[in-house]
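Residue-level listing of the chains:
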Amino acid sequence: MAQMGASQFRENLMDKATMAVFRLLAGGLKKKTAHEQYAQNEAAWKEKGTDSFVENQPQLTWLLYGTANKLERKLFFHGRDLTAAENSCEVIATYNALLALERAAGAGKKHKHRTLPELLYLFSKKGICYKGIFGTDPKALERFFREHNFRTAGCRGKQITEERLAEYEKDYDAFIMTAFNEGQNPFSMVHTMCISKEKQGYCRHNDSVRLKYYEHLYDAVTDYRGGRGHAFCVLAIGNR
């Protein structure tokens, strides 16, 4: 077996370390806060929500997910209030994946926790990272789909290969990728997106660019930000 080079070792170490930090910071909001935010989000969703893929996270300033004090807002959000516009990409990816799975299953198939406020509430109780300042633990997403009777498979770091993702294409209906925005620079921040399987190809949702379709899943994963991003976690999900 060939030995891993020094650069590959560092890359794999950064990927693993990032996932470990997510797990370390994962927890839940206070029950009162979680309930209050859910009630407010449900009311707002009835007025402004959508049954389609959520594509514009920066517009979701009318939804709440987590809390941050004045210093934390200054350090992490340039003084802005903490809303779903800042930190909900993992939950949006879950919502979008459920929609993709529902479409793949055919007419009449419904899934539990279909509204975005319901999902925000669910993860605010278990999986939200450091009160929401660092989003949501990707492992919490995998746990959600397993607990709701979906088939799952996942790969991380150097396991994300063209061959492995080609196998996922055959057996799964929706995908969630988590990536650094620039190389493996943690200060470039992390973004999580759903990739749906469409007639036109594989498409990333809630990306910062216009919708684009790829012939293969591997291309949709590796072409994030024109190839400047670095995916370190891919979750494949299938209907039973």
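Scroll up to find the structure.
The notes below deal with the structure included here.

About the criteria used
Residues numbered from 1 in each chain as written. Predicted model: local features only at pLDDT ≥ 70, side-chain atom pairs only at ≥ 80, totals over all residues. Heavy atoms only, no water. Helix = DSSP H or I, 4+ residues; strand = E, 2+ residues; numbered from the N terminus. Rg over C-alpha atoms; globule rule 2.2 N^0.38 Å. Contact = heavy atoms within 4.5 Å. Areas by Shrake-Rupley, 256 points an atom, 1.4 Å probe, with all protein chains shown as cover. Lys, Arg positive; Asp, Glu negative; His and termini not counted. Charge placed at Lys NZ, Arg CZ, Asp CG, Glu CD. Buried < 20%, exposed > 50% of the residue type's maximum accessible area, 1.4 Å probe, protein only. Polar contact = N/O pair within 3.5 Å; in protein donor to acceptor, adjacent residues only side chain to side chain. Salt bridge = Lys/Arg side-chain N within 4 Å of Asp/Glu carboxyl O. 1 Å grid on protein atoms, 1.4 Å probe; cavity = no way out; pocket = protein on both sides within 12 Å on 5 of 7 lines; lining within 4 Å. Points joined across faces, edges and corners; volume = space filled by probe spheres on them. Nonpolar A, V, L, I, M, F, W, Y, C, P; charged D, E, K, R; others polar.

A word on the overall build of the protein
Helix and strand content of the protein: nine helices and eight strands. Its C-alpha atoms give the protein a radius of gyration of 17 Å, near enough to 18 Å, the size a compact globule of 240 residues would have. Contacts in the protein between residues far apart in sequence, at least 24 positions, make up 66% of those at least 6 positions apart. Here the protein displays about 12,600 Å² of accessible surface, and carbon together with sulfur accounts for 51% of that area. Counting 36 positive and 28 negative side-chain charges, the protein places the averaged centre of each group 6 Å from the other.

Some points on the side chain of T18
Relative to the helices and strands, T18 resides in helix α1 (residues 6–25). Accessibility expressed as a relative area gives 12% for T18, which makes it buried. In this structure the side chain of T18 is engaged in a polar contact, spanning 2.8 Å, whose partner is the backbone oxygen of M14. In contact with T18, other than residues within four places in its own chain, are F180 and F232.

Some thoughts on the pattern of salt bridges
According to the stated counting rule, one finds eleven salt bridges in the structure shown. Here R114 makes a salt bridge to E102, at a shortest N to O gap of 3.1 Å. Separated by twelve residues along the polypeptide, R114 in the loop between α5 (89–105) and α6 (116–125) and E102 in helix α5 bring together distant segments of the chain. The burial state of R114 is the same as that of E102; both residues are buried. One salt bridge in this structure joins K212 and D223, with 3.4 Å as the shortest N-O distance. With K212 in the loop between β6 (201–204) and β7 (213–214) and D223 in the loop between α9 (217–222) and β8 (230–238), this pair connects stretches of sequence that are eleven residues apart. The class for K212 is partly exposed, based on a relative accessible area of 44%. With relative accessibility at 22%, the residue D223 sits in the partly exposed group. Each of K139, E142 and R146 takes part in a single network of salt bridges with overlapping partners.

Re the environment of N87
By the element assignment, N87 lies in helix α4 (residues 84–87). Sequence separation between N87 and Y213 is 126 residues; the distance between their C-alpha atoms is 25 Å. Ignoring sequence-local partners within four residues, the contact set of N87 consists of Q57, Y65, L82, G132 and G135. In terms of polar contacts, N87 uses its side chain to reach the backbone carbonyl oxygen of Y65, at 2.6 Å. A polar atom in the side chain of N87 sits 2.8 Å from the backbone oxygen of G132.

Quick look at the layout of surface pockets
By volume, the largest pocket is sized at about 950 Å³. Breaking the lining of the largest pocket down by element, the ones donating at least two residues are α1, α3 (70–77), α4, α5 and β5 (190–198). Counting residues per element, the lining of the largest pocket draws most heavily on α1, at six residues. Here the lining of the largest pocket is built from residues that sort into 19 nonpolar, nine polar and six charged.

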